[in-house]
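# Results of the structural survey
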Amino acid sequence: MQIATPYLMFLGDVPDRLAAKTAYGINDWRPEWCVGQLRMEGCAADLGIPDLTLEEAVAKGCKTMVVGVVNAGGVLPEHWVTEIVTALDAGLDVASGLHVRLGSIPQIAEAAKRNGRALHDVRHTTETFPTGKGTKRPGRRLLTVGTDCSVGKKYTALALERGMRERGFDADFRATGQTGVFISGRGVAIDAVVADFISGAVEWVAPAADLNHWDLIEGQGSLFHPSFAGVSLGLLHGAQADAFVVCHEPTRTRMRGVEANLPTIQDVIDLTIRCGSLTNPGIRPVGIAVNTQALTEPQALTLLRETEAAHGLPATDPVRFGVGGIVDRIAAEFPA
């Protein structure tokens, strides 16, 4: 799906910041797209951007109202429906990351139809994907992989996009999850794709490109996670990755939501090379991204030095310390 920017961020009347984490993620990484926010009475979240009416948002050039919230069950509260219908009547498209399809609500579907506006359900796609072919295609690709779920794969790919562009690389973040789609304006929630078509969907997300163009593909799950390894493997094969960065959270001993032990970083490097070689025999690691949020700065720096020494790869916390070392490694391994 292709979502028109800039955005008006709809926060509804959520009770806290966490309930609007999708909106916060978009605003963190694409502030230039977030023209303003629309909040209902009692909303406890605030992105720190202008509060706008729908009329003001349209006048400022907004194209899409983003329902930037999460909640249990992914439902759309009934009292938000009127706000969404009014936005469609004002001339805005509407996009949502909730499980419920916007078009499944009759009032919203009717408003979109009469105004000729688009409804984007980011967890779902109307795109039809072929099966993956694994045929070599031009361009260069990097995939973030993990020792577990929720270890920073999206933030690492986004940090690399920023860092590589600052160094003169032609590089684009490629989204494979709902928040990532909002951030990039394009992509597919890969975990909602029928299994046979996962690798084909990734080939669509990161298609043939100029020889020196880099697609930085957001990883999902882990090859070692009993629940999500199938998604991770399909992503790896479809990405046809030239390079990968291993993402890790050092305080965990078990994988999220299951009893499986956390694999080591070396386990992930070895299995990623072995499986990734099916569609790109030249695949190689270029760095390690460690989420050090739970550590003090001295502890974090010590761990990163030890990790670099153990694996012979640059190691960093992309949010805390940047990605300069990984960009240096990419430049050395893949000269233009």
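The notes below deal with the structure included here.

Rules used throughout
All chains use their own residue numbering, which begins from 1 and follows the written sequence. Confidence filtering applies because this is a predicted model: local features only for residues at pLDDT of at least 70, side-chain atom pairs given and counted only at 80 or more, and all residues used for totals across whole chains, interfaces and linings. Remark: hydrogens and water are excluded; side-chain values derive from all non-hydrogen atoms of the structure. Two strands are said to pair when DSSP picks up at least two bridges between them. Helix and strand assignments follow DSSP, with helices taken as H or I runs no shorter than four residues and strands as E runs no shorter than two, numbered in order from the N terminus. Comment: axis = line fitted to C-alpha atoms, over the contacting stretch for helices; angle = value between 0 and 180 degrees taken between N-to-C directions. Side-chain rings of Phe, Tyr and Trp, where Trp is taken by its six-membered ring, are said to pair if the distance between their centres is within 6.5 Å; with planes under 30 degrees apart they count as stacked, over 60 as edge-to-face, and otherwise as tilted. For the exposure calls, accessible area comes from a 1.4 Å probe over protein chains only, and a residue counts as buried if that area is under 20% of its type's maximum, exposed if over 50%, partly exposed in between. Ring-over charges, as used throughout, are those where CZ of Arg or NZ of Lys falls within 6 Å of the ring centre and within 35 degrees of the ring normal. Angles are sorted into four bins: roughly parallel if under 35 degrees, roughly antiparallel if over 145, roughly perpendicular if 65 to 115, and oblique for all others. Crossing handedness: left-handed means the near helix sits turned counterclockwise from the far one by under a right angle, and right-handed means the same turn made clockwise. What makes two residues a contact is simply this: any of their non-hydrogen atoms within 4.5 Å. Should a side-chain nitrogen of Lys or Arg be within 4 Å of a carboxyl oxygen of Asp or Glu, the pair is scored as a salt bridge. By convention a nonpolar core is built from buried Ala, Val, Leu, Ile, Met, Phe, Trp, Tyr and Cys residues, the set being connected through side-chain atoms within 4.5 Å. A 3.5 Å cut-off defines polar contacts: any pair of N or O atoms within that distance qualifies, except that in protein one atom must be a possible hydrogen donor and the other a possible acceptor, and neighbouring residues in sequence count only when both atoms are side-chain atoms. The directions considered for the arc are those from the helix axis to the C-beta atoms.

## Section: the sheet that holds strand β5 (residues 119-121)
- Strand order across the open sheet formed by five strands is β2-β1-β3-β4-β5, with parallel pairing between neighbours. Looking at strand neighbours, the two that pair on one side only are β2 (34-39) and β5, the edges of this open sheet. Each adjacent strand pair in this sheet contributes to an overall mean axis angle of 20 degrees, direction not counted.
- Two strands pair when backbone bridges link them, and strand β1 (residues 7-12) and strand β3 (residues 64-67) are joined in this way by four bridges, in the parallel orientation. Bridging across to β3, Leu-8 finds its partner in Met-65.

## Describing the packing of aromatic side chains
- By the definition in use, this model includes five aromatic pairs.
- Consider the rings of Phe-10 and Trp-80, whose centres lie 5.3 Å apart with planes at 90 degrees: the pair is edge-to-face. With Phe-10 in strand β1 and Trp-80 in the loop between β3 and α3 (81-89), the pair connects residues that are 70 residues apart, well separated along the chain. Taken as a pair, Phe-10 and Trp-80 share a single burial class, namely buried.
- Here Arg-30 stacks its cationic end above the ring of Trp-33, 5.4 Å away from the centre of that ring.
- We note Arg-186 situated over the ring of Trp-204; from NZ or CZ to the ring centre the distance is 4.6 Å.

## Quick word on the packing of helix α8 (residues 229-239) against helix α9 (residues 265-276)
- Viewed as axis vectors pointing N to C, α8 and α9 meet at an angle of 55 degrees, and their least axial separation amounts to 9 Å. One element, α8, and the other, α9, form an angle in the oblique class. Between α8 and α9 lies a crossing whose hand is right-handed. Across the interface between the two elements, Leu-233, Leu-236 and His-237 of α8 pack against Thr-272, Cys-275 and Gly-276 of α9.

## Focus on the pattern of salt bridges
- Counted under the stated rule, the structure contains 15 salt bridges.
- Between Asp-172 and Arg-174 there is a salt bridge whose closest N-O contact spans 3.9 Å.
- Owing to a relative accessible area of 17%, Arg-174 belongs among the buried residues under this scheme.
- Ionic pairing is found between Asp-215 and Arg-174, a salt bridge with its closest N-O pair at 2.8 Å. Placement of the pair is Asp-215 in strand β8 (residues 213-217) and Arg-174 in strand β7 (residues 170-174), with a sequence separation of 41 residues. Arg-174 carries the same exposure label as Asp-215, and that label is buried.
- Through salt bridges with shared partners, a single ionic network connects Arg-30, Glu-161, Arg-165, Asp-172, Arg-174 and Asp-215.

## Observations concerning the nonpolar core
- Ranked by size, the top nonpolar core spans 73 residues in total, and within it Leu-160, Trp-214 and Ile-330 carry the most contacts.
- Ignoring any residue separated from it by four or fewer positions in sequence, one finds Trp-214 in contact with Arg-140, Arg-141, Leu-142, Met-164, Phe-169, Asp-170, Ala-171, Asp-172, Ala-243, Ile-330 and Phe-334.
- Membership of the second largest hydrophobic core comes to 29 residues, among which are Ile-198, Ala-239, Ile-265 and Leu-313.

## Details of the environment of His-225
- Tracing the chain through its elements places His-225 in the loop between β8 and α8.
- For His-225 and Leu-92, which are 133 residues apart along the polypeptide, the C-alpha to C-alpha distance reads 40 Å.
- For His-225, the contacting residues outside a window of four places in its chain are Asp-148, Cys-149, Met-255, Arg-256 and Val-258.
- Here the side chain of His-225 touches Arg-256 through a polar contact of 2.8 Å, landing on its backbone oxygen.

## So, helix α12 (residues 324-333)
- The set of residues buried in α12 consists of Ile-326, Val-327 and Ile-330. Across the axial projection of α12, the buried residues extend over an arc of 100 degrees, all falling on one side.
- Against β6 (140-146), α5 (153-166), β8, β9 (243-248), β10 (284-290) and β11 (315-316) lie the buried residues of α12.

## Points about helix α4 (residues 106-115)
- Among the residues of α4, Ile-108, Ala-111 and Ala-112 are the ones counted as buried. Buried residues along α4 cover an arc of 100 degrees about the axis, so they all sit on one side. Away from its buried face by more than 90 degrees, α4 exposes Lys-113 and Arg-114.
- For α4, the elements touching its buried residues are α3 and β5.
- Just beyond α4, the residue with positive phi is Gly-116, at close to 65 degrees.

Just distances and angles here, no functional claims.
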